[in-house]
Amino acid sequence: MRRPIVGIISNAYLINDQYPAHANGQMNTDAVATVSDCLPLTFPADPAVSPLEELLDTFDGFLLTGGRPNVHPEEYGEEPTEAHGAFDRNRDRVALPLTRACIERGQPILGICRGFQEMAVAMGSTLHPEIRDLPGRMNHRMPPDGTLEEKFALRHEVRFTSGGPFARMMGAEVVMTNTLHGQGIKQAGPRVIVDGWAPDETPEAIHFDGAQGFALAVQWHPEANAAQDPVSRPLFEAFGEACRAWRAGKRPASLAAE
Ligand SMILES: N[C@@H](CCC(=O)NCCCC(=O)O)C(=O)O
C-alpha cells in the first residue's frame, strides 16, 4: 500500500518581491516524510484553487503549518487593530472550514503555531493579538535577528494535563519547546480542550471534545528537529499512524455506522 498523502497548507510569498508563490517550510515536509512516513504535498491556501471537498477527497491527513500572517479577528467576532498585524484571508478561508470538516469526519489534522490558532478559532476560540503585552506573560516571539538555530531553540516548558492525550503521547507531563509566536488563545471555544500550558499559563496544546479522529494542535514548532526531538517525534509518528489508518479505510466507529 502506498504511503498516505498529507496535504500541507501553504503560505503566500512574493519571490524577489514580485512573483506570487505558495510555499511551506522544508522542516514541515521533512517531518511528514521522515517521521510520519507519509507523502508530503503542499496545497495552495486559496479557496479558488483548493476547494474543500477536493482537499478532503485527495488527502489522507492535513498539516496546518505556522505562518507569519495572523488569523483575521473578524473570524472570532472582533475588529482588526494595528496590533493584529498582517492577514492572509485566503488561508483563513481554507484552514477554518477544513478544520471543522476534519473534526466532524474524523480525518487526521495536525496544527502548528498559526495552524494551532486556526484550529482554535475554527472551533470557537478568540485570540489575543500580542500576548507579551498581557500582565505576567512572557515574550513568546522568536529572536528576530537570531540564527535559525536561535529562533527554534527550546525556550520554555510546557506542562500537560496529567493523564491527558499529550502527556500519554510524550510519556511526560512537562516538556521543553521552542516558541515563535506573538498571538495566543484568549478564550477557548466550547469544544476546545486546553491540555498544555506554558509557565505563564499561555495555552500551548489543544484537542477537541467529541473529536473522533486525530485532531491535535500545538502552539510551538515540533517540525523543527522532528526526527530527534523527544517531543516532536511521537507527535509526528502518531499523526502518521492516524493517516495510515485513514488511508486503509478505517473510520471512527461513530462515522463507520453512517
Ligand atoms: N502569526 C502567528 C503565528 C506565528 C507563527 O506561525 N510563527 C511561525 C512563523 C515563522 C515565520 O514564517 O516567520 C503569531 O504571530 O502568533
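Description of the structure in this document. Remember, it's a predicted structure, so these values are computed and weren't measured experimentally. For every chain, the first residue of the written sequence is number 1, and numbering continues from 1 onward in sequence order. In view of the model being predicted, local features appear only for residues whose pLDDT reaches at least 70, and side-chain atom pairs are presented and counted only at 80 or more, with totals across whole chains, interfaces and linings using the full set of residues. No hydrogens and no water enter the side-chain calculation; it runs on all heavy atoms of the structure.

## Concerning unusual backbone geometry
Moving on, step 1. Look at aspartate 37: it is not a glycine, yet its phi comes out positive at around 55°.
Moving on, step 2. Structurally, aspartate 37 is set in the loop between α1 (26–35) and β4 (39–43).
Moving on, step 3. Although it is not a glycine, asparagine 225 adopts a positive phi angle of roughly 60°.
Moving on, step 4. Structurally, asparagine 225 is set in the loop between β13 (215–218) and α7 (232–247).
Moving on, step 5. Relative accessibility thresholds used throughout: buried, under 20% of the residue-type maximum; exposed, over 50%; partly exposed, between the two (1.4 Å probe, protein chains only). Taking the relative accessible area as the measure of exposure, asparagine 225 reaches 47% and is therefore partly exposed. Runs of E in the DSSP output that reach at least two residues are strands. Runs of H or I that reach at least four are helices, and both are numbered from the N terminus.

## A few points about the pairing of strand β2 (residues 11–15)
Moving on, step 1. Only when DSSP finds a minimum of two bridges between them are two strands counted as paired. Strand direction decides the pairing type here: β2 and strand β3 (residues 19–23), joined by five bridges, are antiparallel. Its bridge partner being in β3, asparagine 11 is matched across the sheet by alanine 23.
Moving on, step 2. As consecutive antiparallel partners, β2 and β3 are separated by three residues, and within that stretch asparagine 16 has a phi angle of approximately 55°, a positive value.

## Overview of the packing of aromatic side chains
Moving on, step 1. For Phe, Tyr and Trp, where Trp contributes only its six-membered ring, two rings pair if their centres lie within 6.5 Å, and the inter-plane angle classes them as stacked under 30 degrees, edge-to-face over 60, or tilted in between. Under the counting rule described, the total for this entry stands at six aromatic pairs.
Moving on, step 2. Here the aromatic rings of phenylalanine 43 and phenylalanine 59 are separated by 5.7 Å at their centres, their planes lie at 35°, and the arrangement is tilted. One end of the pair, phenylalanine 43, is in strand β4; the other, phenylalanine 59, is in the loop between α2 (52–58) and β5 (61–64), and 16 residues separate them in sequence.
Moving on, step 3. Note on phenylalanine 43 and phenylalanine 62: the rings are 6.1 Å apart at their centroids and 85° apart in plane angle, and the pair reads as edge-to-face. Of the two residues, phenylalanine 43 is situated in strand β4 and phenylalanine 62 in strand β5; the sequence distance between them amounts to 19 residues. Note on accessibility: phenylalanine 43 and phenylalanine 62 belong to one class, buried.
Moving on, step 4. Feature note: the residues Phe43, Phe59 and Phe62 constitute an aromatic cluster, connected by ring pairs.

## What to know about the sheet that holds strand β11 (residues 192–197)
Moving on, step 1. Reading across the sheet, the nine strands line up as β4-β1-β5-β6-β13-β12-β11-β8-β9 and stay open at both edges, with mixed pairing between neighbours. The sheet terminates laterally at β4 and β9 (174–177), the two strands that pair on one side only. Direction aside, neighbouring strands of the sheet carry axes that sit 25° apart on average.
Moving on, step 2. Where strand β1 (residues 5–9) and β4 come together, five bridges link them in parallel fashion. Along β4, the bridge assignment pairs isoleucine 5 with leucine 39.
Moving on, step 3. Pairs of residues are marked as contacts when any of their non-hydrogen atoms sit within 4.5 Å. Axis lines are fitted through C-alpha atoms, for helices just across the contact stretch, and the angle between N-to-C directions can take any value from 0 to 180 degrees. Sheet strands in contact with helix α3 (residues 89–105) are β1, β4, β5, β6 (109–112), β12 (203–208) and β13, and its direction is about 135° off that of β5.

## Some thoughts on the nonpolar core
Moving on, step 1. For our purposes a nonpolar core is just a set of buried Ala, Val, Leu, Ile, Met, Phe, Trp, Tyr and Cys residues, chained together by side-chain atoms within 4.5 Å. Core analysis: the largest hydrophobic core is formed by 33 residues, its most contacted members being Phe43, Phe62, Leu98, Ile109, Ile206 and Phe208.
Moving on, step 2. Other than its neighbours up to four places away in sequence, phenylalanine 62 contacts Val6, Gly7, Phe43, Leu55, Leu56, Leu98, Cys102, Gln107, Pro108, Ile109, Leu110 and Phe239.
Moving on, step 3. Phe166, Ala167, Met170 and Phe236 belong to the second-largest nonpolar core, a separate cluster that totals 28 residues.

## A short note on the site of the ligand
Moving on, step 1. With respect to spatial proximity, 14 residues lie near the ligand, and among them Gly67, Arg68, Asn70, Leu180 and Gln183 are the closest.
Moving on, step 2. In this structure, an oxygen atom belonging to the ligand sits 3.2 Å away from a main-chain N or O atom of arginine 114.
Moving on, step 3. Between the ligand and the protein, one listed contact pairs an oxygen atom with a backbone N or O atom of glutamine 183 at 2.8 Å.
Moving on, step 4. In this description, accessible areas are obtained by the Shrake-Rupley approach with a 1.4 Å probe, and a residue is regarded as covered only by the protein chains that are shown. Protein burial of the ligand: of its 430 Å² of free accessible surface, 87% is covered by the chains.
Moving on, step 5. In this classification, the charged set is Asp, Glu, Lys and Arg, the nonpolar set is Ala, Val, Leu, Ile, Met, Phe, Trp, Tyr, Cys and Pro, and all remaining amino acids, among them Gly, are polar. In terms of residue class, the shell around the ligand is made up of four nonpolar, eight polar and two charged. Whether a residue is near a molecule or strand is decided by its heavy atoms; if any one of them lies within 4 Å of it, the residue is near. For this analysis, a polar contact is any N or O atom pair within 3.5 Å, provided that within protein one partner can donate a hydrogen and the other can accept it, and provided that sequence-adjacent residues contribute only side-chain to side-chain pairs.

## Details of the environment of leucine 216
Moving on, step 1. Its location among the elements puts leucine 216 in strand β13.
Moving on, step 2. Through-space distance from the C-alpha of leucine 216 to that of glycine 111 is 6.4 Å; in sequence the pair is 105 residues apart.
Moving on, step 3. Setting aside anything within four residues of it in sequence, one finds leucine 216 in contact with Ile109, Leu110, Gly111, Met119, Phe166, Met169, Ile206, His207 and Leu235.

## Examining the state of the cysteines
Moving on, step 1. A pair of sulfur atoms, both from cysteines and within 2.5 Å, is called a disulfide here. In total, this model carries zero disulfides according to the counting rule given.
Moving on, step 2. Looking at cysteine 113, it has no disulfide partner, and the nearest cysteine sulfur is the one in cysteine 102, 19 Å off.

## Points about the pattern of salt bridges
Moving on, step 1. Basic side-chain nitrogens of Lys or Arg form a salt bridge, by our definition, when they fall within 4 Å of a carboxyl oxygen of Asp or Glu. Within this structure, the stated rule accounts for 14 salt bridges.
Moving on, step 2. In this structure, the salt-bridge partner of glutamate 118 is arginine 114, at a minimum N-O distance of 2.5 Å. Placement of the pair is glutamate 118 and arginine 114 together in helix α4 (residues 114–122), with a separation of four residues, close to one helical turn.
Moving on, step 3. Owing to a relative accessible area of 0%, glutamate 118 belongs among the buried residues under this scheme.

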